[in-house]
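# Architecture at a glance
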Amino acid sequence: MITSKQNAIIKRIKKLQQRKNRKKTQKFIVEGFHLIEEAIKSHFTVEEIIKTEHVELPDYIDIDQVMTVSDTIFSHLSMTETPQGILAVVQMKASYDYSGDKLLLLDGVQDPGNVGTLIRTADAAGFSAVILGDGSADVYNDKTIRATQGSLFHIPVISKDLQQEIPQLQAKDYMICVTTLEEATDYKAIRIDKPFALVMGNEGSGVQADIQNSSDVRVKIPIYGQAESLNVAVAAGILMYEFSN
């Protein structure tokens with residue numbers, strides 16, 4: 001059993017809590033039985049499992065590299081309030097094929113919980129991929145991963161420069177639908193009969209003006225009450241299901 005924070009394995013895994021180290025190693029941490037099971041079922045490479053001595057491994061975990069640590073060491077590695085006593089180090093996918101007729105593009109959506117919920121909803125609505133623009137939360141942030149509830153392993157999630165990606169999508173005959181309140185059409189009046197990309201913007205400032213100006217259609221959801229706006233994940237959920245019909 002590993003009981004020291006100075007153990008080389010523990011120090012290496014602890015570093016994966018930082019985005020720069022995840023990017024450098026192309027590895028990330030997932031916690032809990034459900035997320036580990038989803039990673040394995042989706043054919044991600046699970047490199048190693050860290051568990052406490054009281055945790056029994058389920059049948060779907062069949063890898064050689066399983067390490068037992070003390071409760072103190074697991075708490076040192078854990079990023080959840082109520083840890084289940086098991087986590088895994090998982091390899092990022094080297095590349096993704098994100099062809100498909102329904103794409104969700106996120107322009108500077110900063111809250112990890114929102115990004116995770118957006119990925120989960122895109123998965124549920126049958127979208128082909130989620131593309132994260134500059135300024136969006138890291139998909140491998142622990143809060144983002146938990147909010148996806150495993151959808152991270154079901155749908156391609158790619159980081160791209162939207163200023164470059166959108167013209168390329170338009171060249172492939174995608175309709176670019178941008179959410180905004182300025183010169184926008186009620187979403188119920190929009191008819192989409194070709195591949196499209198739905199662009200959702202930053203929680204405070206919305207979609208960048210340059211991206212709005214390059215869009216094919218501007219979409220809005222009417223507010224009937226006194227709320228100033230909808231949460232970005234809620235708004236996206238409405239539009240993804242509406243446009244999927």
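To start, this report covers the structure provided alongside it.

Let us look at the overall build of the chain. Each helix and strand in the chain was counted, giving nine helices and 11 strands. Based on the C-alpha atoms only, the size of the chain along its principal axes is roughly 60 × 40 × 30 Å. Considering the chain as a whole, with its 245 residues, one finds that 49% of them fall into the buried category. In the chain, once contacts between residues fewer than 6 apart in sequence are set aside, the share between residues at least 24 apart is 75%. For the chain, the computed accessible surface area is about 12,400 Å², with 44% contributed by carbon and sulfur atoms. Averaging the positions of the 25 positive and the 32 negative side-chain charges in the chain gives two centres separated by 5 Å.

Next up on the list: the sheet that holds strand S4 (residues 86-91). Taken in spatial order, the four strands of this open sheet run S1-S4-S2-S3, and their pairing is mixed. The strands lining the two open edges of the sheet, one partner per strand, are strand S1 (27-31) and strand S3 (66-69). Here the strands of the sheet are splayed against their neighbours by 20° on average, with no regard to which way each runs. Taken strand by strand, helix H3 (residues 33-41) contacts S1, strand S2 (46-52) and S4, and its axis lies near 30° from that of S4.

With that settled, the discussion passes to empty space enclosed by the protein. Here the structure, examined in full by the defined rule, presents one cavity of 30 Å³ or more. Empty space within the largest cavity amounts to approximately 60 Å³. Across the lining of the largest cavity, the residue classes break down as five nonpolar, one polar and three charged.

Next up on the list: a nonpolar patch on the surface. Together, Ile223, Leu230, Val234 and Ile238 line one region of the surface with nonpolar side chains, adding up to about 280 Å² of accessible area. On the secondary structure map, Leu230 appears in the loop between strand S11 (217-220) and helix H9 (232-244).

Quick look at the packing of aromatic side chains now. Scanning all chains against the criterion turns up five aromatic pairs. Their ring planes at 20° and their centres at 6.3 Å tell us that Phe28 and Phe153 sit as a pair that is stacked. With Phe28 in strand S1 and Phe153 in the loop between helix H6 (142-148) and strand S7 (157-159), the pair connects residues that are 125 residues apart, well separated along the chain. Between Phe44 and Phe153, the aromatic rings sit 4.9 Å apart at their centres with planes inclined by 80°, giving edge-to-face as the arrangement. Of this pair, Phe44 sits in the loop between H3 and S2 while Phe153 sits in the loop between H6 and S7, and the two are 109 residues apart along the sequence. Each of the two residues, Phe44 as well as Phe153, counts as buried. Every member of this aromatic cluster is reached through a ring pair, and the members are Phe28, Phe44, Tyr140 and Phe153. A cation over an aromatic ring shows up here: Lys93 above the ring of Phe44, its NZ or CZ 4.5 Å from the ring centre.

Calculation criteria
- Residues numbered from 1 in each chain as written.
- Predicted model: local features only at pLDDT ≥ 70, side-chain atom pairs only at ≥ 80, totals over all residues.
- Heavy atoms only, no water.
- Helix = DSSP H or I, 4+ residues; strand = E, 2+ residues; numbered from the N terminus.
- Buried < 20%, exposed > 50% of the residue type's maximum accessible area, 1.4 Å probe, protein only.
- Contact = heavy atoms within 4.5 Å.
- Areas by Shrake-Rupley, 256 points an atom, 1.4 Å probe, with all protein chains shown as cover.
- Lys, Arg positive; Asp, Glu negative; His and termini not counted.
- Charge placed at Lys NZ, Arg CZ, Asp CG, Glu CD.
- Pairing = 2+ DSSP bridges.
- Axes fitted to C-alpha atoms, helices over the stretch in contact; angles between N-to-C directions.
- 1 Å grid on protein atoms, 1.4 Å probe; cavity = no way out; pocket = protein on both sides within 12 Å on 5 of 7 lines; lining within 4 Å.
- Points joined across faces, edges and corners; volume = space filled by probe spheres on them.
- Nonpolar A, V, L, I, M, F, W, Y, C, P; charged D, E, K, R; others polar.
- Patch = residues over 30% accessible without salt bridge, like charges linked within 9 Å, V, L, I, M, F, W, Y side chains within 5 Å.
- Salt bridge = Lys/Arg side-chain N within 4 Å of Asp/Glu carboxyl O.
- Phe/Tyr/Trp six-rings, centres within 6.5 Å; stacked < 30°, edge-to-face > 60°.
- Lys NZ or Arg CZ within 6 Å of the ring centre and 35° of its normal.

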